8 protein chains.
Amino acid sequence: MEYANLDMDRRERTGAPEIIYGAGKTPEQIIGIVKSMISNGEESVLVTRLDEDKYTEVLKGFTKNNISHKYYEEARALVTGDMKAPDGIGYVAVVTGGTSDIPVAEEACVTLEYLGNEVKRVYDVGVAGIHRLLKREKVLKGATVVIAIAGMEGALASVVGGLVKAPVIAVPTSVGYGANFGGMSALLSMLNSCASGVSVVNIDNGFGAGYQASMINHVTKL
Amino acid sequence: MEYANLDMDRRERTGAPEIIYGAGKTPEQIIGIVKSMISNGEESVLVTRLDEDKYTEVLKGFTKNNISHKYYEEARALVTGDMKAPDGIGYVAVVTGGTSDIPVAEEACVTLEYLGNEVKRVYDVGVAGIHRLLKREKVLKGATVVIAIAGMEGALASVVGGLVKAPVIAVPTSVGYGANFGGMSALLSMLNSCASGVSVVNIDNGFGAGYQASMINHVTKL
Amino acid sequence: MEYANLDMDRRERTGAPEIIYGAGKTPEQIIGIVKSMISNGEESVLVTRLDEDKYTEVLKGFTKNNISHKYYEEARALVTGDMKAPDGIGYVAVVTGGTSDIPVAEEACVTLEYLGNEVKRVYDVGVAGIHRLLKREKVLKGATVVIAIAGMEGALASVVGGLVKAPVIAVPTSVGYGANFGGMSALLSMLNSCASGVSVVNIDNGFGAGYQASMINHVTKL
Amino acid sequence: MEYANLDMDRRERTGAPEIIYGAGKTPEQIIGIVKSMISNGEESVLVTRLDEDKYTEVLKGFTKNNISHKYYEEARALVTGDMKAPDGIGYVAVVTGGTSDIPVAEEACVTLEYLGNEVKRVYDVGVAGIHRLLKREKVLKGATVVIAIAGMEGALASVVGGLVKAPVIAVPTSVGYGANFGGMSALLSMLNSCASGVSVVNIDNGFGAGYQASMINHVTKL
Amino acid sequence: MEYANLDMDRRERTGAPEIIYGAGKTPEQIIGIVKSMISNGEESVLVTRLDEDKYTEVLKGFTKNNISHKYYEEARALVTGDMKAPDGIGYVAVVTGGTSDIPVAEEACVTLEYLGNEVKRVYDVGVAGIHRLLKREKVLKGATVVIAIAGMEGALASVVGGLVKAPVIAVPTSVGYGANFGGMSALLSMLNSCASGVSVVNIDNGFGAGYQASMINHVTKL
Amino acid sequence: MEYANLDMDRRERTGAPEIIYGAGKTPEQIIGIVKSMISNGEESVLVTRLDEDKYTEVLKGFTKNNISHKYYEEARALVTGDMKAPDGIGYVAVVTGGTSDIPVAEEACVTLEYLGNEVKRVYDVGVAGIHRLLKREKVLKGATVVIAIAGMEGALASVVGGLVKAPVIAVPTSVGYGANFGGMSALLSMLNSCASGVSVVNIDNGFGAGYQASMINHVTKL
Amino acid sequence: MEYANLDMDRRERTGAPEIIYGAGKTPEQIIGIVKSMISNGEESVLVTRLDEDKYTEVLKGFTKNNISHKYYEEARALVTGDMKAPDGIGYVAVVTGGTSDIPVAEEACVTLEYLGNEVKRVYDVGVAGIHRLLKREKVLKGATVVIAIAGMEGALASVVGGLVKAPVIAVPTSVGYGANFGGMSALLSMLNSCASGVSVVNIDNGFGAGYQASMINHVTKL
Amino acid sequence: MEYANLDMDRRERTGAPEIIYGAGKTPEQIIGIVKSMISNGEESVLVTRLDEDKYTEVLKGFTKNNISHKYYEEARALVTGDMKAPDGIGYVAVVTGGTSDIPVAEEACVTLEYLGNEVKRVYDVGVAGIHRLLKREKVLKGATVVIAIAGMEGALASVVGGLVKAPVIAVPTSVGYGANFGGMSALLSMLNSCASGVSVVNIDNGFGAGYQASMINHVTKL
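These figures come from a predicted structure and were not determined experimentally.

Novice: It is not clear to me how the relation of the copies chain D and chain C should be interpreted in this structure. Could you clarify?
Specialist: Superposing the two chain copies requires a rotation about an axis and a translation along that axis. Turning chain D through 180° and shifting it by 0.0 Å along the axis lays it on chain C, with an RMSD of 0.0 Å. Overall, the copies show the geometry of a two-fold rotation axis. It is V200(D) whose C-alpha, among those of chain D, lies nearest the rotation axis, at 2.5 Å. Residue by residue, 100% of the interface of chain D is reproduced at the interface of chain C, so both copies engage with the same surface.

Given below as structure tokens:
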């Protein structure tokens, strides 16, 4: 129950809604935690890393307990209750290099929306087609925070970092093969970005990037 | 002239003062770039990664050219002209695990101050003496952004990340020996932080952490 | 039959009960070894790394041979005969960062109990919620030995090492993803602990930690 | 001042004498910390990782301040005041594979003696000459704790772990070349020891092994 | 058809019987190569890395074509025709640390026997029970070549290397878990052996060790 | 004399002028090889990896023997006799991310010019300032081959690879610090480039890139 | 849709036919992209990394839509419409060390043929049988570009690089086991080739090698 | 005194002359050990890894004590007394890829000659010039054992392994730069050799290869 307990602690401090890390928990555990949160008065709960098979099991428990929710297939995430209205400083731009990075991006997006942020998606604008990326320059420049998500050589973070004045949170993905060594190539690339203003989270950690981006977008309300 | 050119680009967008990455440049190159920036109307310039030997050479050129400046020995950084007054949302807390991490921390601090941020230093509060860290909980909780700097096992980032509601930028340092593999242990530790809201920059990259923290602290002015 | 033979050697020296490493042995081999040990007069035998599928097969052989035993599902371990009564100097505290670390922790606990130690479990007290850990400070401080088990960034070992005066045996786990590289992040973190008095065993090696902790708790009887 | 502060915290809990980690501190810092400790009533202080050049500088300050002490050249360590008389349960055996491992071993020995332990040195008994090691079997078997120190392939820990019933703390050293990768070969070897009852500290960390061995040897007094 | 072709080249030079590397070949390919070799007059053929499932398919083809052979289950190897009588200088001792290393050892043994060597098996004599190993000292000392096979910490090679005057070929195995990193721990350990006279082959490469040992045992006949 | 002999072999096939790899050769060896080549009728010789100190020694020998030559300081290379006139299909563009990459770039350029290629230098156009790179798009698009040289995150290769229709040879450099691990970050980044048409040479291998680029630029003359 | 979009960009510049990277795309996505390309007037499309199971699904959609095509089983690639006639400068030689490297080689060959190149296959000529390789020296020497493909120790690239005057593109494969670490051994080997004129692509990246080889073979037409 | 003691043990078994590993020993220690060996009746002693500076010091002690000896500069080795006459089965061929590998080769050669072997040197025959290597095929084929020494991509071992019927001992060297990672590239290459009959020793370990080759060359006398 890592996340759950942890965020109960955080919540006293932050008022943020509840988040459960679904990987490594059984459907029964997830159903139980959610039920107990709802009876504690939570209006909504986010469950991440919930693959479709496990969701099928969770769904049965939710149906039996009349728990209204929405499952986000690409993001492998589930939200009970209603999404919060956006109340951040501005919007967060979520950018990906390729289509294979989209599941990680959607995890970031659902997290952001759950935490009350407006999100603009800028997908499939990898640096090998730089003019496609530049066509989206305006939407990138208008963001309060940019999340740059890429596998393979992870060059997207540097190019985006050089274009915008907002902080960039880079998410390396495990997309690729061979000498990408499970995401290591993109990870090292992003850590060594020649652009200032870029920081990095764990490989495939869309949730972590979304969570921190929300903090930044709400920094005046902390 | 990596940084220099780059930031000239950035500057058009951001209005940020100029920054020169001193490592890998000769004293002559540094003197030349600074002179040319000043004649272009720059009120102040920050030079990072300028060790004492190189500074001694740079100093001669500055004296000859009447360039007023201040050298920050621990931070291995130099600022020409006057520091900007703090104008961010709040203050940035810079925390270190040990005394050996202080040079990296000071690089972050000088960068932050140069970019117009109030800084509070919380040094030598490594997690092996958790009660010493907790005595400083209040100053950590009041910050807009926290920079957590540690070598060895890098556990500081997780503990701090669990204490505050502000975003945490973690800086692994190369402090340690043996199985720290030049900072790899702290780097991996911070990337795998179990606390939400933590992102990471390159090993020993105090400048990068300071730069992004300033962006976050000025996020409403972007 | 690695463990088995080895511990027959050890046993002449130590009088400790028998232990069989179940991974890489067929159910038939396990049944055979246990039977032969019992006919050699062993009162009890511990089988570790015995997953549920293999246990199902072993169970059939035990039933046929009338071998009384108990299977510990979470620990993936089996003990024949009766557990020894605790006879160590004091108790051993077994601490985990998260719930996913519990299988490793239970392997340590069953090993400890099998070897005649009192165990106190302190689970799910990861450093991202430091105050939850501190609420358990007293039980940690009373222990003769502490086993600190954590995946991801493995920071628990350092924080616990700084709190107690007893030796700490750290067990990195493979819990996590991406840049945890199968437990490497927690392993390096624990080896580089800034707290004195911490030593480390192999990734996920709950048995090894329990075995050494028992040695320390019985050090006056060696 | 990492160690220093840290151990002041520890000391309130443990009554152990003071320890300063000398690497990364200037001679002036070391002199200052020792002076302040002595004026706080410390009867003795241990300074580790103090190479000969730095000691020469420290010596001047000590002479000027009339601080009586002894410098242990091989251990690169210094102790002020008098050594504590041994008061542990038994003695600690410190074993090395080769002569090049002796500096690490002596760091462990001085630490142990400083903390009140009787030490028996068993040097240069590497496993390639197994009969030489076996001639010392009796002294190994009589110890309360064994510290096994080896570089290269680090096999010593496993062989010793199989011989004794006491806990073994293994210290990999960086002795070797080529594919030893700075101590990685011995480190991995020791972590994967097929003998039960072995735990491991950082590469070349003689101090850490000595400190934990002392804890175990004093476990009844915690 | 790597091996096959290659060894046809070798064979012109060496007169050695034929060897086929079975991994990565379909049952059809294996049947085809064997048939063509037999019609070319080969008296016997060795097929390595042939797991049981694949053998079941190969068996059908052999039955249909009346190819007499023997399948060695533990070695995952197959030999057509008759084994050569031993004609080397002396015998080769094949030693393993644990029972899990036996499949690799048997691959070496079948290779050796196929190439006309007498083999003595010394299994399950890991260094954690050094006295068990020493009981077999005589058989080890009598060998022309020793093959030392071990996973985990791979210490066996060094101990055996120190005992005998014959060349030792060390085979690291992937046996173990966690920080064995797929055999890397034993590999590095063996490469850094402090005993003279030890060389190393690839992880799990029983065939390679057997092949070279046979060369050495027949060195006078080259 | 690696290169020297090797290229004598190559030369029979290619008619290319002679090349000597200077690293790891003494000044005396270099002088001797050059003298012998000249007396064998070579019109010109290229010596690479010749740092300034070694050149000072070589210069003495050359002066004594009346060997006319030119030393290229940034490239750390020396050419005797006259440069060949450009005779390739078109020109080769040599692009760098930063100024610190220039020594590697100049090694490529001198190699190219020595082998009869026209070169266009496009330096200091790192991807963090993408618009600066795009201003040079035309010169890049006109090249027969492009050599893309970058350290840190090495993203330049992907962006350039996406812009041009010519083959791109990527050279990772060791420029950077911390998690660049001596050039590994740029190397992995370039190997995983999402742009088609990019291949990679060893870290800092400007010579190798120049040599292959010349082959491609002369492909019709092979 | 990484490749697809990217190559649409490229195509405007290059006139090359379309290429789709099939891995990580669903059969439905592939069918959709191909259909849309055909309706945009594409005469042929190449789909790479399309394993047999996925092809079975794609086939249904193609049959329903009357899309004529050919599936290349070994290459795991599919081409719609007709292959272009060879129009390069000369032919490309594709060389492999063993038979297990052939799938990667065929991916290169189909890519080359699709892009209008004549291909000569030289398979199974690994360096352990050097005379077999030398028998093919003539066909290697006649090529405009050579693609050298090998797993295990990857030595083929160096030997071939020393034989020919054409540029060599080396493709490391993941063929092998144990210390090949998923292709790392061949990759490092090829990057460190002592032969001049060799560059390297990602592990198993037959497509990338074929694509760049085609660029070189068409370099006069760029 | 690692080697020294060790070989005293070995010597009782083998009658081999004495060997001292000079690295990590002071000149005084070396002089002392040699003197004591000579007074114990040793006719000759080999000291390895003795660089020139240290030799200069050792020389003074030898001169004072009238110890006749010869220093082998390239091999960094010293032999007291007279070399043994060759008495092995045949000769050992020592092959190198380049000239930079010669110091490692000479260490092997001096070791071999000291142990009574005839040696044939075949230097600078790297695989990039395969025809040069083939010109020496006859001398390679006549050897009882071949030692193949190479840095960079280490391909020499595979090519030689495919040419001869004798066992090949491969020595990877640290020669190279960048992605050779201190000899790792050659090491992995040699471990993954596609030729049968190749085994490997540590990076730069000329002594180890020579020692084992001598064992094989004397295998009938063991």
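Novice: Help me understand helix α4 (residues 102-114) of chain F, please; the structure alone is not making it clear to me.
Specialist: An α-helical turn contains 3.6 residues, so any two residues separated by three or four positions project in the same direction. Residue and element names in this part refer to chain F. Here α4 is 13 residues long and its end C-alpha atoms lie 18 Å apart, about the 18 Å a rise of 1.5 Å per residue gives. Counting buried positions along α4 yields 11 of 13 residues, so the element is predominantly enclosed. Three or more residues of α4 are buried, namely I102, V104, A105, E106, E107, A108, C109, V110, T111, L112 and Y114. Backbone geometry just after α4 places G116 at a positive phi near 90°.

Novice: Looking at this model, I keep getting lost on the interface of chain D and chain C. Mind explaining?
Specialist: Taken residue by residue, the interface counts 34 residues in chain D and 34 residues in chain C. Between chain D and chain C the total buried area reaches about 3100 Å² when both faces are included, carbon and sulfur atoms providing 61% of it. Our count for the contact surface shared by chain D and chain C stands at zero salt bridges. Our enumeration of links across chain D and chain C arrives at 10 residue pairs in polar contact (both at pLDDT 80 or more). Looking at the side of chain D that touches chain C, the elements with two or more residues in it are α1 (2-14), α7 (156-163), α8 (184-191), β9 (198-200) and α9 (206-217) of chain D. In terms of residue count, the dominant contributor to the side of chain D that touches chain C is α9(D) (five residues).

Novice: Mind showing me how you'd approach the arrangement of the chains here?
Specialist: In this assembly chain B lies apart from chain E, the nearest approach of their C-alpha atoms being 13 Å. For the non-touching pair chain C and chain G, the nearest C-alpha separation works out to 14 Å.

Novice: Looking at this model, I keep getting lost on the interface of chain A and chain G. Mind explaining?
Specialist: The accessible area lost on association of the parts is a frequent measure of interface size. Listed as interface residues are 12 residues of chain A and, on the opposing side, 14 residues of chain G. Summed over both partners, the interface of chain A with chain G buries about 1100 Å², with 50% contributed by carbon and sulfur atoms. Of all residues in chain A, the largest losses of buried area upon contact with chain G belong to R132(A), Y177(A) and F181(A), amounting jointly to 46% of the total for that side. There are zero salt bridges connecting chain A and chain G. At the boundary of chain A and chain G, one finds three residue pairs in polar contact (both at pLDDT 80 or more). Tallied by class, residues from the side of chain A that touches chain G come to five nonpolar, five polar and two charged.

Novice: Whenever I open this one, the environment of T63(C) confuses me. Can you help?
Specialist: Residue and element names in this part refer to chain C. Topologically, T63 is positioned in helix α3 (residues 52-64). Between the alpha carbons of T63 and R132 there is a distance of 44 Å; along the sequence they are 69 residues apart. Within the structure, T63 has its side chain in polar contact with the backbone oxygen of L59 (distance 2.7 Å).

Novice: Any chance you could explain the confidence of the model for chain A here in plain terms?
Specialist: Detailed reading of the predicted coordinates is not advisable wherever pLDDT is low. Here chain A averages 91 in pLDDT, while 92% of its residues score no lower than 70. Taken over the whole predicted complex, pTM reads 0.94, whereas the ipTM for its chain interfaces reads 0.92.

Novice: What is the right way to look at the side chain of R132(E) in this model?
Specialist: All names here are of chain E. Position of R132 relative to the elements: it lies in helix α5 (residues 130-134). On the accessibility criterion, R132 (17% relative accessible area) is buried. Engagement of the side chain of R132 in a polar contact is seen with the backbone oxygen of D124, the distance being 2.6 Å.

Novice: How should I be thinking about the relation of the copies chain A and chain G in this particular structure?
Specialist: The transform that puts chain A on chain G rotates by 90° and translates by 0.0 Å along the axis, for an RMSD of 0.0 Å. Taken together, the turn and the small shift mark the pair as related by a four-fold rotation axis. Closest to the rotation axis within chain A is the C-alpha of F181(A), separated from it by 7.1 Å. A share of only 8% of interface residues in chain A that are also interface residues in chain G marks the association as one of differing surfaces.

Novice: Would you explain unusual backbone geometry in this entry?
Specialist: A positive phi angle is found at D204(B), which is not glycine, with a value near 65°. Locating D204(B) in the fold gives a position in the loop between β9 (198-200) and α9 (206-217).

Novice: Looking at this structure, how should I read the sheet that holds strand β1 (residues 18-21) of chain B?
Specialist: Residue and element names in this part refer to chain B. If you trace the four strands from one edge of the open sheet to the other, you get β1-β2-β4-β3, paired in mixed fashion. Edge positions in the sheet fall to β1 and β3 (69-72), since each of these pairs with one other strand and no more. The sheet shows a mean angle of 15° between the axes of neighbouring strands, taken without regard to direction. Sitting on the sheet, helix α3 (residues 52-64) touches β3 and β4 (77-80), and the angle it makes with β3 is about 175°.

Conventions we followed
- Counting of residues starts from 1 at the beginning of each chain's written sequence and follows it residue by residue.
- Chain A is the first chain written and ligand 1 is the first ligand written, with later ones labelled in order.
- Only residues with pLDDT of at least 70 get local features here, since the model is predicted, and only at 80 or more are side-chain atom pairs given and counted; chain-wide, interface and lining totals rely on the full set of residues.
- To get the side-chain values, take all heavy atoms of the structure and skip hydrogens and water.
- The superposition of copies rests on a least-squares fit of C-alpha positions from residues with pLDDT of 70 or more in both.
- Contacts were defined at the residue level, with two residues in contact if any of their heavy atoms lie within 4.5 Å.
- Only DSSP runs of H or I with at least four residues qualify as helices, and only runs of E with at least two residues qualify as strands; both kinds are numbered from the N terminus onward.
- Each residue after the first adds 1.5 Å to the expected span of a helix.
- Residue exposure (1.4 Å probe, protein chains only): buried if accessible area is under 20% of the type maximum, exposed if over 50%, otherwise partly exposed.
- When two parts are brought into contact, each loses some accessible area as probed by a 1.4 Å sphere; the total of that loss over both is the buried area.
- Between Lys or Arg on one side and Asp or Glu on the other, a salt bridge is scored when a side-chain nitrogen of the former is within 4 Å of a carboxyl oxygen of the latter.
- The term polar contact refers here to a pair of N or O atoms within 3.5 Å; inside protein, the definition further demands a hydrogen-donor-capable atom paired with an acceptor-capable atom, and it admits residues adjacent in sequence only when both atoms are side-chain atoms.
- Put simply, Ala, Val, Leu, Ile, Met, Phe, Trp, Tyr, Cys and Pro go in the nonpolar bin, Asp, Glu, Lys and Arg in the charged bin, and everything else, Gly too, in the polar bin.
- You can read pLDDT as the predictor saying how much it trusts each residue, on a scale of 0 to 100.
- Strands are labelled as partners when DSSP assigns at least two bridges between them.
- To get an axis, fit a line to the C-alpha atoms, keeping to the stretch in contact for a helix; angles then go from 0 to 180 degrees between the N-to-C directions.

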